[in-house]
Amino acid sequence: MSGGQKGGQVIVIGGGLGGLWATLAIAAAGHRVTLFSLFEVMRSHSACAQGGINAVLDGKGQHDSVQQHIVDTIKGGSYLANQPPIQSMCEDAPGLIRTFERMGVTFSRTPEGLLDQRLFGGVKNKRTCFAGASTGQQLLYGVDQQVRRLETEGQVAKQEWWEFLSIVRDDDGVCRGIVAMDLRSLEVRAFRADAVVLATGGLGQIYAPKTTCSTNSTGAAASRVYQQGARFANAEFFQFHPTAMLGADKTRLMTEAARGEGGRVWVPKDPADRRAPLRIPEAERFYFLEDWYPSYGNTVPRDIASRAIWKVTRELGLGIGGGDRVYLDLTHLERGFVSTRLGAILSIYRKFAGQDPLTTPMEIFPAAHYAMGGLWVDYEKDPATGGMRRGSPRNHATSIAGLYACGECDYAYHGANRLGANSLLSASYSGRVAGEAVASYLSGLERGADAAPAASFDAETARQAEINQRLMRSSGDQNPFRLHRELGELMTTKVGVIRDNAGLDGAIADLSALEQRFERLDLGESSTWANQSLAHARQVLDMVRLAQVMAASARARDECRGAHFKPAFDIAMPADSFPGEPAFEAYRERWKANNAEWLKTTLAEPGPDGPQIHFEPVDLGLLAPEQPRDYR
Amino acid sequence: MSSSIENSHFLLRRLHSLLGLVPIGAFLVFHLWENSQSRFGAAHYNDEVVGALQGLNYLLLFELFLIALPLLFHAGYGLVIIGHGRAEPRRYGYLRNRLYWLQRLSGVGLILFLLLHVGLTRIAGLFDPSISADLFTHMRQALAQPAVFALYLAGLLLAVFHLANGLATAAIVWGLTASAEAQRRFGWVCAGLGLLLAALGVHGLLGFLIAPAAGGGA
Amino acid sequence: MQARMPSESPACETVELQIRRQDGPTTKPYWQTFVCPVRPGANVVSLLMDLREHCVTQDGTRVDPVAFEHNCMEEVCGACAMLINGSPRPACSALIAELEAPIRLEPLPKFPVVRDLMVDRAALFAHLKRVKAWIKLDGPWDVHERAPRVSPKEWQANYLYSRCMSCGCCMAACPQFGPQFGSQFGPEASFVGPAPLAQVRLMNAHPTGRYDKAERLHAIMADGGLSDCGNAQNCVRVCPKAIPLTTAIGELGRETTLQAFKDLFGPH
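Basis of the calculations
Residues numbered from 1 in each chain as written. Chains lettered and ligands numbered in written order. Predicted model: local features only at pLDDT ≥ 70, side-chain atom pairs only at ≥ 80, totals over all residues. Heavy atoms only, no water. Helix = DSSP H or I, 4+ residues; strand = E, 2+ residues; numbered from the N terminus. Buried < 20%, exposed > 50% of the residue type's maximum accessible area, 1.4 Å probe, protein only. Contact = heavy atoms within 4.5 Å. Lys, Arg positive; Asp, Glu negative; His and termini not counted. Charge placed at Lys NZ, Arg CZ, Asp CG, Glu CD. Areas by Shrake-Rupley, 256 points an atom, 1.4 Å probe, with all protein chains shown as cover. Pairing = 2+ DSSP bridges. Salt bridge = Lys/Arg side-chain N within 4 Å of Asp/Glu carboxyl O. Polar contact = N/O pair within 3.5 Å; in protein donor to acceptor, adjacent residues only side chain to side chain. UniProt positions renumbered as here; feature names shortened; annotations may be inferred. Axes fitted to C-alpha atoms, helices over the stretch in contact; angles between N-to-C directions.

### Brief notes about the overall build of chain C
Reasoning step 1: For chain C, the count of helices and strands is eight helices and seven strands.
Reasoning step 2: Once the C-alpha set of chain C is aligned to its principal axes, its extents read approximately 70 × 45 × 35 Å.
Reasoning step 3: The buried share among the 268 residues of chain C stands at 61%.
Reasoning step 4: Here the contacts in chain C between residues at least 6 apart in sequence split such that 63% fall between residues at least 24 apart.
Reasoning step 5: Counting 28 positive and 28 negative side-chain charges, chain C places the centres of these two groups 5 Å from one another.

Encoded structure:
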């Protein structure tokens, strides 16, 4: 192994929950970790998660069970996720919570001083641990503090303000290190490592600015390893959250609980109505969710609400003032009640919109929220338990040997749609599993990265430096920031909440036109110190290439499943018909026939003419798809 | 483990804080009370108050160890502390920040004032016995000059402010007041104490001017 | 905050931005003025983002885009703190409509400038290490036992501190913190600052974090520790998360007093 010291040398890229958990697990096994981050570690997007983290503690008198958590997760994802990893994740969740608690995470408490749990979407039991309204931030800081301690002990070294550019593979195709760029000096340098873990988060910026994601959630790192041959899975599955604040820079999340507590969604019947919302009489308001879904009303699931808002604004042209916005109204509710139950989002809205939701309806619109898809990762099934085999080096390994992925940048746990409060769980759990897998991988490794030929490192460094030089010399007329904006508009419109094949074909064509325009880039600055335009231009190009994967994957899947919705292929559940009745049973047969054709993982690999799409079967060993998703 | 003892930093800072209150602060209170006796006339002041004090055994030791040395340390180390900060009273116009700045300003001002004050009374007294024999008249003559009176008034107010504000921050430093409300409440107490001491001091200054002179006909 | 109907919002179409720029850590700073279009709800970060696309000064000169940090844009990651009209605060939550024009932007003071509005807050993180702001775990594995209970009341107090996002505003406003003070004796001697002190308060309150309480207290009783606090209390005024930093400092004052007695008179 490298360095001649005891233990191996591992590179972890990304300092969010996944990356920090992987770091802890790898260090616990006695290996050294170099942690790469685009910015100071602890500023990652994990901090933005508000609601909570799911784990069955069964402390609320509801007879909750791990089995039920597994079933909810599988069905929430429309059966698209492999079931062994889900089983292991749900089984390990309580232990993970206990560990977080030991780290000092300030989970909210019951009057008895135990962990409190609350109800979240898509489930029947109170299963969500939370720390006020900043759960992600608290979990992130818990592991960040542990990593900081390892840093003082010399087991972890941080490379902050370094951007991952590519992996370095040896002659056998094994990943032996990375090439990265110092975002200050712009130095491009190769780093050797016995294994590399990618924990680079989501890709919501591909939909910017209509996304709840942080500005560094670009997906560029995942795109880069995809371009180097790593398989990308289920790219067409992207969750849109129905209620996000409007914003020219970013759309900020307004939690689902706003509707749960009685908030009503409406638009003026006349989109040209310029009156202040509260001056519009009831008769001139269109409560479309209540109209279209009388039994559920405003509390329909996320995907249905997002599609309804989309239909009202984009198809019926009934958005407020004809634009992309609808009202989420809390003004009819009792003020004290709203303040206690929704205080956190009220303050975000007040702070960022400068308006008080208690006196003015909030203006909201669906926004890109979470990528269910990501880098394809392997797992080894334990036949004895049906879950993942603990400590297997195959767990969370990408299709490139020596390269692992965890957190939102992998595809493993959420299938076609993610349950609320399962993302913090999957990020933490997958980080730990990936770390353990790396440790196993290292113990079976015959030659470390030191043995890899210098030529491959030199060649890759030179290739990346050359890309930088080409960009710095560019003298076209295409501004990288404008290209990013156009990418976001294009993806929001054509690869968004509702899709159709003509639009997707258009998107694929538009994306390659967009990619072409990078030939005529105008970087806008030539500084050789902390040149953010250079880094951004590189990211946007890789985002365009990842967007191509998303569009191609969406084009290939002719059905509706979870977050992927193509109306032309919709098999609608018959209204007012329930299991056992003929209409429902006929629907069930059609639904099963559709599963037989489409219940499979989408895989994308880079090809000469763009992404090559193929499919692989899903492991359904635990729960066969007999029950369609039915939230009635 | 007892690294707070091995490392002198903490103890020095706390010593600085403590000495400011006891004995220096305590002495200031006593000193203001002592001088407030001026309004009862030269005889009372010179004989009953100053005279009694001058008659104390080991007076020099008291003066040295309870006043001079603590004051020198407090002043000297205070200057070191001032060197470790940079006040921005204009950028951050909050009360506590202004007080932070004033505490340092008053500290420097006091050092200058005390040099003059001690020089003109205690030190001058060493060379000219008539000064300590009739301190009342000495002070009365000095304070009759508006410039000297203004100087003494300023010195008095600086000292009182420095003590009152020092008491408020010492309560935080030593952990008496932790919550913002407690600090605010105790802040009012200190402000009240400061006003009281200021009144006492001004009363004493005026006393030198309005009280009957030595042997004068009360 | 006062509620405002969108129709009533002032029709300000552009705003003047004065930005203190600096090309590198050792070069001289200079000022540039930009006139930026303002969309409804715009904040300082969104303005800077728009400016990247078309970075032209007031007098029509095309210049390099302004370097700045940002990430979450909802005041939870701490990246975008800077000096806005003289006050340290996160730029993402600084709404243009609520700022006095012209808007002056400067890098967060007290920290070394990397470029333009980007600063290096390494000192803050070094100080977190110095005060041992963590709970000592045997390892990140499950020990099949939960941590001891915490009363809701205690939780409520702790939660205030655990929301600290290390943005550095409190440090920037602190008259006692700065590279110029004590740094000649190495970073270990300069004032540790309010944010790390609050973390000591938080870690010492944890049921098992308490085991290392004396160690953390000793760390803040050394040079540049708690006693270097001058009680100017700007920290608590500028903290964007309203963390009761000065209460933590007061509590630590009490704890260190007791610790000193223990150190002096035992038991250790």
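Picking up where we left off.
### Quick notes on the overall build of chain B
Reasoning step 1: A count of helical and extended segments in chain B gives nine helices and zero strands.
Reasoning step 2: Written out in order from the N terminus, the α and β elements of chain B read α-α-α-α-α-α-α-α-α.
Reasoning step 3: Its C-alpha atoms put chain B at 60 × 40 × 25 Å along the principal axes.
Reasoning step 4: Residue burial in chain B is summarised as follows: out of 218 residues, 40% are buried.
Reasoning step 5: Long-range contacts, defined as pairs at least 24 residues apart, comprise 75% of the intrachain contacts of chain B with a sequence gap of at least 6.
Reasoning step 6: With an accessible surface of roughly 11,600 Å², chain B has 74% of that area assigned to carbon and sulfur atoms.
Reasoning step 7: Seen as two clouds, the 13 positive and the 9 negative side-chain charges of chain B have centres 18 Å apart.

### Considerations on the environment of Thr152(A)
Reasoning step 1: Among the secondary structure elements, Thr152(A) is positioned in helix 4 (residues 135-152).
Reasoning step 2: Remark: the alpha-carbon pair of Thr152(A) and Asn422(A), spanning 270 residues in sequence, is separated by 32 Å.
Reasoning step 3: Those residues in contact with Thr152(A) that lie beyond four places of it in its chain are Lys129(C) and Trp134(C).

### Notes on the sheet that holds strand 5 (residues 128-129) of chain A
Residue and element names in this part refer to chain A.
Reasoning step 1: Taken together, three strands build an open sheet; the order of strands is 3-5-4 and the sheet is antiparallel. Of all the strands in the sheet, the pair left with one neighbour each is strand 3 (53-54) and strand 4 (117-118).
Reasoning step 2: The pairing of strand 4 with strand 5 spans two bridges and is antiparallel. Paired with Arg-118 across the strands is Thr-128, a residue of strand 5.

### Here's the deal with the interface of chain B and chain C
It is common to give the size of an interface as the accessible area that goes away when the parts come together.
Reasoning step 1: In this complex, chain B contributes 33 residues to the contact, which on the side of chain C involves 38 residues.
Reasoning step 2: At the junction of chain B with chain C, the criterion picks out one salt bridge.
Reasoning step 3: Here chain B is connected to chain C by 16 residue pairs in polar contact (both at pLDDT 80 or more).
Reasoning step 4: Contributions of two or more residues to the side of chain B that touches chain C are made by helix 1 (3-6), helix 2 (8-36), helix 5 (95-127), helix 8 (146-173) and helix 9 (180-210) of chain B.

### Overview of the UniProt feature "transmembrane region" (unreviewed entry) in chain B
Residues and elements named next belong to chain B.
Reasoning step 1: UniProt records the feature "transmembrane region" (unreviewed entry) for residues 12-33, 58-84, 105-127, 147-174 and 186-211 in the present numbering.
Reasoning step 2: Between the C-alpha atoms that bound residues 105-127 there is a distance of 32 Å. The span itself is 100% helix and 0% strand.
Reasoning step 3: When the span residues 186-211 is considered, its composition is 96% helix and 0% strand, and the gap between its end C-alpha atoms is 36 Å.

### Let's talk about the pattern of salt bridges
Reasoning step 1: Going through the model one piece at a time under the given rule, you end up with 68 salt bridges over all chains.
Reasoning step 2: Notably, a salt bridge pairs Arg98(A) with Asp142(C), separated by 2.7 Å at the nearest N-O pair. Of the two residues, Arg98(A) is situated in helix 3 (residues 83-103) and Asp142(C) in the loop between helix 2 (122-130) and helix 3 (152-162); the pairing between them involves two chains.
Reasoning step 3: Its relative accessible area of 23% is what places Arg98(A) among the partly exposed residues.
Reasoning step 4: With a relative accessible area of 18%, Asp142(C) lands in the buried category.
Reasoning step 5: The partner of Glu460(A) in a salt bridge is Arg463(A), with the nearest N and O atoms 3.0 Å apart. Separated by three residues within a single helix, Glu460(A) and Arg463(A) lie in helix 11 (residues 454-473), roughly one turn from each other.
Reasoning step 6: On the basis of relative accessible area, Glu460(A) is assigned to the buried category, the value being 11%.
Reasoning step 7: Each of the salt bridges in this network shares a partner with another, and the network as a whole consists of Glu163(A), Arg224(A), Glu515(A), Asp542(A) and Arg545(A).

### A word on the sheet that holds strand 9 (residues 188-192) of chain A
The strands making up a sheet associate through hydrogen bonds between their backbones, and the pairing can be parallel or antiparallel.
All names here are of chain A.
Reasoning step 1: The sheet built from three strands is open, its strands ordered 7-8-9 with antiparallel pairing. The outermost strands of the open sheet, each flanked by one partner alone, are strand 7 (162-169) and strand 9. With direction set aside, neighbouring strand axes in the sheet form an average angle of 30°.
Reasoning step 2: Where strand 8 (residues 175-182) lies against strand 9, five bridges are found, and the strand directions are antiparallel. Bridging across to strand 9, Ile-178 finds its partner in Phe-191.
Reasoning step 3: Where helix 11 meets the sheet, its contacts fall on strand 7, strand 8 and strand 9, and the angle it forms with strand 9 comes to roughly 150°.

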